[in-house]
Amino acid sequence: MTDRLSANLAHLKASETVAISTEAKRRKAAGEDVLDLGVGEPDFDTPYAATEAGVQAIRDGKTRYPPNIGIAELRKAIAGNLSGLSAGRAVDPDAIVVSSGSKQSLFNACFSLFGPKDKVLIPMPAWVSYPQIVHLSRAEPVMVPGDVEWSLKVSVNDLERHTDKLVRGLILCSPCNPTGAVYTLTELKAIATWAQKHDIWIIADEIYRRINYGPGAAPSFLDLPDDLLGRTVVITGASKAYAMTGWRIGAALAPPYLAKAMAALQSHTTTGANHPAQWAAATAFSTPGVEDDVVHMVAAFRRRRDRLVARFRGEVPGIEFVDPVGAFYLFFRVDGIVPRTPVTGQAFCEQLMQREGVALVPGGAFGDDRWVRLSYAVSEKDLDGALDRIFRFIGSLASSRAA
Ligand code: PMP
Ligand code: GLU
């Protein structure tokens with residue numbers, strides 16, 4: 001017996017965002033003074049009504065296997081929610097598959113659509129799991145660098161440059177993890193039109209759609225006409241908007257034949273998402289009182305974002321960052337902190353943790369190690385404390401290297 005693993009895992013690396021969060025939690029538990037701005041997880045409690053619905057579901061005996069594709073009440077609630085966010089457009093609940101977090105929805109979509117010899121475009125920087133999920137599907141991720149003059153977003157020209165006849169898909173995240181950039185509706189429409197021309201699938205990861213600092217929810221592919229969406233899968237979930245990361249509920253809206261395939265796939269992997277959690281999420285997606293909680297949470301994220309941007313501009317004016325207009329991340333550049341001595345995101349984060357006890361994620365996890373990601377889904381007090389430490393560290397780094 002050797003300990004050789006299957007070729008399925010040839011490219012497998014554990015999630016760096018999850019690993020950093022685990023390490024920060026370990027240090028905290030060991031009594032260290034650690035501020036964790038690494039993980040992208042809302043610091044709020046799940047809205048009360050959703051929690052109650054979950055508890056009630058357990059009491060009511062909703063503890064047996066759920067329908068594999070998701071309970072009808074949740075699929076209807078998600079359809080109603082997506083419809084409401086996109087000016088009442090028709091959304092078919094039967095085209096929605098509920099999964100164990102949107103991570104599984106993304107996996108189901110990629111595994112069902114892509115395979116050996118297929119290529120999938122991924123704008124870079126990209127959330128850690130996209131290339132991994134594409135590799136697990138035995139397809140090849142093709143990273144498309146975003147334009148630094150344009151909040152690291154990609155244009156149709158950028159996509160076109162990386163497209164050949166093997167390209168079958170594009171994974172687009174807006175609002176974007178890790179940059180906080182948001183694609184405008186005009187940009188989404190241009191991309192959808194381009195994808196349609198090439199017969200390329202769009203996997204639209206819209207998990208952060210509600211966390212948007214422009215008016216209302218962020219622009220969505222669902223704001224486009226149906227005839228542009230024949231090959232589009234929209235990913236949503238309860239984790240971010242409803243502070244429900246631990247409940248593990250995500251969903252995909254897909255053309256019916258694909259939804260059917262994804263449901264069949266998960267009938268062999270998970271038998272559907274956690275049953276009581278689905279009831280909690282159904283309440284979250286459909287209850288006006290929970291909507292008030294979302295508005296409240298987004299307002300809090302906005303205040304933190306404003307504070308963070310003001311402090312970066314005022315206290316470290318030389319540090320470049322992507323203007324954060326959605327999600328809860330700030331992506332800032334560290335390579336130029338000291339002239340002629342490039343600093344990597346990895347070295348920056350390691351030393352910052354050692355010297356100041358602040359966890360951030362190196363940009364290398366997202367494909368570009370000249371940058372670092374900061375999650376401001378933490379209390380204002382922790383955010384201010386962490387910024388004091390980060391700025392002190394940047395100051396000391398600059399003067400020690402320059403000396
Ligand atoms: N997509 C993006 C861009 C994310 O940041 C996350 C966060 N984990 C996910 C998907 C998956 O979220 P979940 O599985 O908790 O729904
Ligand atoms: N999406 C969050 C992040 O990027 C949670 C961790 C993960 O699932 O990657 O930090």
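A quick note: this is a predicted structure, and the numbers were derived from the prediction, not measured.

### Digging into unusual backbone geometry
That bond from Met 124 to Pro 125 is cis: its omega, 10 degrees, falls within 30 degrees of zero. Among the secondary structure elements, Pro 125 is positioned in the loop between strand E3 (119-124) and helix H5 (129-136). A cis amide bond, omega 25 degrees, links Asn 177 with the succeeding residue Pro 178. As for its placement among the helices and strands, Pro 178 is situated in the loop between strand E5 (167-173) and helix H7 (185-198). Although it is not a glycine, Arg 138 adopts a positive phi angle of roughly 70 degrees. When its relative accessible area of 41% is taken as the criterion, Arg 138 is described as partly exposed. Of note, Ala 327 is a non-glycine position whose phi angle comes to about 55 degrees, a positive value.

### Describing the pattern of salt bridges
As enumerated under the stated definition, the model contains 24 salt bridges in all. Linking Asp 223 and Arg 209 is a salt bridge whose minimum nitrogen-to-oxygen distance equals 3.6 Å. Placement of the pair is Asp 223 in the loop between strand E6 (201-205) and strand E7 (232-237) and Arg 209 in the loop between E6 and E7, with a sequence separation of 14 residues. The class of Arg 209 is buried, set by a relative accessible area of 4%. Its salt-bridge partner being Arg 333, residue Glu 320 comes within 3.7 Å of it at the nearest N-O pair. Taken together, the residues Glu 320 in the loop between helix H10 (288-315) and strand E9 (329-333) and Arg 333 in strand E9 connect sequence positions 13 residues apart.

### Concerning the site of ligand 2
Around ligand 2, a shell composed of Ser 15, Thr 17, Val 18, Val 39, Gly 40, Lys 103, Trp 127, Asn 177, Tyr 208, Lys 240, Tyr 329 and Arg 373 is seen. One nitrogen or oxygen atom from the side chain of Thr 17 is found 2.6 Å from an oxygen atom belonging to ligand 2. Contact between ligand 2 and Trp 127: an oxygen atom at 3.1 Å from a side-chain N or O atom of the residue. Across the complex, the protein chains shield 88% of the 280 Å² of accessible surface that ligand 2 would expose by itself. Tallied by class, residues from the shell around ligand 2 come to five nonpolar, four polar and three charged.

### A short note on the site of ligand 1
Around ligand 1 there are 14 residues in total, and Ser 102, Asp 205, Tyr 208, Ser 239 and Arg 248 lie nearest to it. In isolation ligand 1 has 390 Å² of accessible area, and contact with the protein removes 93% of it. It is helix H4 (residues 102-113) that provides the largest number of residues to the shell around ligand 1, a total of three residues. Classifying every residue of the shell around ligand 1 by side-chain character gives six nonpolar, four polar and four charged.

### Brief notes about the sheet that holds strand E11 (residues 361-362)
Spatially, E9-E12-E11 is the arrangement adopted by the three strands of the open sheet, whose pairing is antiparallel. Among the strands making up the open sheet, the edge pair consists of E9 and E11. As judged from the five bridges shared by E9 and strand E12 (residues 371-375), these two strands associate in the antiparallel manner. Bridged to Phe 331 within E12 is Arg 373.

### Remarks on the nonpolar core
With 91 residues, the main nonpolar core has Phe 312, Phe 332, Phe 348, Leu 360, Leu 374 and Ile 390 as its most contacted residues. Here this core takes eight residues from helix H12 (residues 380-402), the largest share from any one element. With near-sequence residues (within four places) excluded, Phe 348 lies in contact with Phe 332, Val 334, Ile 337, Val 343, Leu 360, Val 372, Ile 390, Phe 393, Ile 394 and Leu 397. If you look at the next biggest cluster of nonpolar residues, it comprises 39 residues, including Ala 109, Val 120, Trp 127 and Met 353.

### Considering the sheet that holds E7
Pairing within the open sheet is mixed, and its seven strands lie in the order E2-E8-E7-E6-E5-E3-E4. Here the strands that pair on one side only, and so sit at the sheet edges, are strand E2 (96-99) and strand E4 (140-145). Between one strand axis and the next, the sheet turns by 20 degrees as a mean value, whatever way the strands run. The pairing of E6 with E7 spans four bridges and is parallel. Opposite Ile 202, over in E7, you have Thr 232 as the bridge partner. Relative to the sheet, helix H8 (residues 256-267) contacts E2, E6, E7 and strand E8 (250-253), its axis offset from that of E2 by approximately 25 degrees.

What counts, and where the lines are drawn
- Residues numbered from 1 in each chain as written.
- Chains lettered and ligands numbered in written order.
- Predicted model: local features only at pLDDT ≥ 70, side-chain atom pairs only at ≥ 80, totals over all residues.
- Heavy atoms only, no water.
- Helix = DSSP H or I, 4+ residues; strand = E, 2+ residues; numbered from the N terminus.
- Buried < 20%, exposed > 50% of the residue type's maximum accessible area, 1.4 Å probe, protein only.
- Salt bridge = Lys/Arg side-chain N within 4 Å of Asp/Glu carboxyl O.
- Near = heavy atom within 4 Å.
- Polar contact = N/O pair within 3.5 Å; in protein donor to acceptor, adjacent residues only side chain to side chain.
- Areas by Shrake-Rupley, 256 points an atom, 1.4 Å probe, with all protein chains shown as cover.
- Nonpolar A, V, L, I, M, F, W, Y, C, P; charged D, E, K, R; others polar.
- Pairing = 2+ DSSP bridges.
- Core = buried A, V, L, I, M, F, W, Y, C linked by side-chain atoms within 4.5 Å.
- Contact = heavy atoms within 4.5 Å.
- Axes fitted to C-alpha atoms, helices over the stretch in contact; angles between N-to-C directions.

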